[in-house]
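# Structural overview for review
Here's the letter readout for the chains.
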Amino acid sequence: MVESSRARVLLVEDDGELVEMLSTLLDEEGYEVDAARDGQRALHLALTRRYDVLVVDRGLPAIEGLDLVERLRSRAVTTPVLVLSALAKPADRVAGLDAGAEDYLGKPFDVDELLARLRALRRRHLEAADVLPVNGGQLEVLTRQVLREGEAPVRLSERECAMLTVLARNPKRMFSRRDLLALAFTEDGSEAGSEAVVDTYVHYLRRKLGRRIVATVHGRGYQLGRP
Ligand code: CA
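In this report, the structure presented in the accompanying data block is examined. The structure presented is a predicted model; accordingly, all values stated were derived computationally and were not measured. (Residues numbered from 1 in each chain as written. Predicted model: local features only at pLDDT ≥ 70, side-chain atom pairs only at ≥ 80, totals over all residues. Heavy atoms only, no water.)

### Section: the packing of helix α7 (residues 177-184) against helix α8 (residues 196-209)
We count it as follows: To get an axis, a line is fitted to the C-alpha atoms, and for a helix only the part in contact is used. The angle between two axes follows their N-to-C directions and goes from 0 to 180 degrees. A run of DSSP states H or I qualifies as a helix once it reaches four residues; a run of E qualifies as a strand once it reaches two. Both are numbered from the N-terminal end. Put simply, angles under 35 degrees are roughly parallel, angles over 145 are roughly antiparallel, angles from 65 to 115 are roughly perpendicular, and the rest are oblique. Two residues qualify as a contact provided that any one of their heavy atoms is within 4.5 Å of a heavy atom in the partner residue. Here the nonpolar group is Ala, Val, Leu, Ile, Met, Phe, Trp, Tyr, Cys and Pro; Asp, Glu, Lys and Arg are the charged ones; every other residue, Gly included, is treated as polar.
Look at α7 against α8: their axes get within 8 Å of each other, and the N-to-C directions meet at 80°. Considering the angle they form, α7 stands roughly perpendicular to α8. Counted together, Arg177, Leu180 and Leu181 of α7 and Val197, Val198 and Asp199 of α8 form the full contact between these two elements. Residues that form the contact of α7 with α8 fall into these classes: four nonpolar, no polar and two charged.

### Comments concerning the coordination of the calcium ion
Worth spelling out the cut-off: Because no water is among the atoms considered, metal sites can look incomplete, with donors defined as N, O and S atoms within 2.8 Å of the metal, or 3.2 Å for Na, K and Ca.
Within the protein, the atoms that donate to the calcium ion are Asp14 (OD), Asp57 (OD) and Gly59 (O), at distances of 2.2 to 2.4 Å. One chain supplies every donor for the calcium ion, spaced along it as D-x42-D-x1-G. Taken together, the positions of Asp14 in the loop between β1 (8-12) and α1 (16-28) and Gly59 in the loop between β3 (53-56) and α3 (65-74) put the pair 45 residues apart, joining distant regions of the chain.

### A closer look at the packing of aromatic side chains
The criterion, for reference: Centres within 6.5 Å make a pair out of two Phe, Tyr or Trp rings, where for Trp the six-membered ring is used; the pair is then stacked when the planes are under 30 degrees apart, edge-to-face when over 60, and tilted otherwise. Only protein chains enter the accessibility calculation, which uses a 1.4 Å probe. A residue is then buried if its area is under 20% of the maximum for its type, exposed if over 50%, and partly exposed in between.
Applying the stated criterion across every chain yields a total of two aromatic pairs. With a centroid separation of 5.2 Å and an interplanar angle of 45°, the aromatic rings of Phe185 and Tyr201 are classed as tilted. Of the two residues, Phe185 is situated in the loop between α7 and α8 and Tyr201 in helix α8; the sequence distance between them amounts to 16 residues. Tyr201 matches Phe185 in its accessibility class, with the two residues each being buried. Residue class for Tyr201 comes out buried when judged on its relative accessible area of 14%. In this structure an aromatic cluster arises from ring pairing among Phe185, Tyr201 and Tyr204.

### Some points on the sheet that holds β3
What links the strands of a sheet is backbone hydrogen bonding, and the strands pair in either a parallel or an antiparallel sense. Counted only if it meets this: At least two DSSP bridges between two strands are required for those strands to pair.
Spatial ordering of the open sheet is given by β2-β1-β3-β4-β5, a layout of five strands whose pairing is parallel. Edge positions in the open sheet fall to β2 (32-36) and β5 (103-106), since each of these has one partner strand only. Put simply, the sheet's adjacent strands are angled 20° from each other on average, direction ignored. With four bridges connecting them, strand β4 (residues 81-85) and β5 associate as parallel partners. Looking at the pairing, Leu84 lines up with Leu105 of β5.

### Notes on the layout of surface pockets
Basically, it comes down to this: A cavity here means a set of 1 Å grid points, computed over protein atoms only, where a 1.4 Å probe fits but cannot escape. A pocket is an open set with protein on both sides within 12 Å along at least 5 of 7 lines, and lining residues have an atom within 4 Å of a point. Grid points are joined across faces, edges and corners, and a volume is the space filled by probe spheres set on the points.
Space inside the largest pocket adds up to approximately 660 Å³. Along its surface, the largest pocket is lined by 30 residues, and Arg49, Arg50, Thr79, Glu140 and Leu147 are the ones closest to its centre. Contributions of two or more residues to the lining of the largest pocket are made by α2 (39-48), α5 (111-129), β7 (137-140) and β8 (145-147). Considering each element in turn, the lining of the largest pocket owes the most residues, four residues, to α5. In the lining of the largest pocket, the residues fall into 14 nonpolar, eight polar and eight charged.

### Let's talk about the pairing of β2
Of the strand pairs in this sheet, β1 and β2 are connected by five bridges, and their pairing is parallel. Opposite Val9, over in β2, you have Val33 as the bridge partner.

### Regarding unusual backbone geometry
Omega for the peptide link from Lys107 to Pro108 comes to 0°, which places this bond in the cis form. In this fold, Pro108 is placed in the loop between β5 and α5. Positive phi, close to 65°, is recorded for Ala76, a residue that is not glycine. Mapped onto the elements, Ala76 comes out in the loop between α3 and β4. For Ala76, a relative accessible area of 61% translates into the label exposed. We note that Arg144 has phi near 55°; this positive angle belongs to a residue other than glycine. Mapped onto the elements of the fold, Arg144 is located in the loop between β7 and β8.

Written out as structure tokens, the structure is:
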């Protein structure tokens, strides 16, 4: 499982006591927690910061919980959402899932079940998006983007992404130019023999993402950069 840094959760809940209890619990579980007490604030945070998972109450000031989820989905925010609500009849759950939530838990809830569901959501999301840790952030292979806290996503070309993916899947391994050529640029063998193309793409990656994204192993090859 990918664990480069603490997972970030946005907790959207207007009940102050519950916010306090959940913040402590999630912090102990290893999450970095932001809390929003109303839907408007939550919308702003979810659109401007990167989260690994959202926990969303339904009855909220400003923007109601399911409306919030729908707005996020319509703006292509794919972060997994768990709705945590006292409205927990089958029809309520159906409404939540139809609004775009991945999971739904009724209040009152069991703390261990909540934590287990959050772990499962995050695991499924990482696998689906094929997310790999890289120096200072995450590479989302599916969308060919590098996401870093507080920075705009960096879009990679197909080949840049292919090479960084090879390095990031084996973060401790050193790759020779020949290895990288074979693993990242094999489509029709047309690059065979031109190992210099590897240096070119290392140069492109460093230009976009900083020198430390790829480390040079002198006289031998490259490996993923260390923070
Ligand atoms: Ca509420």
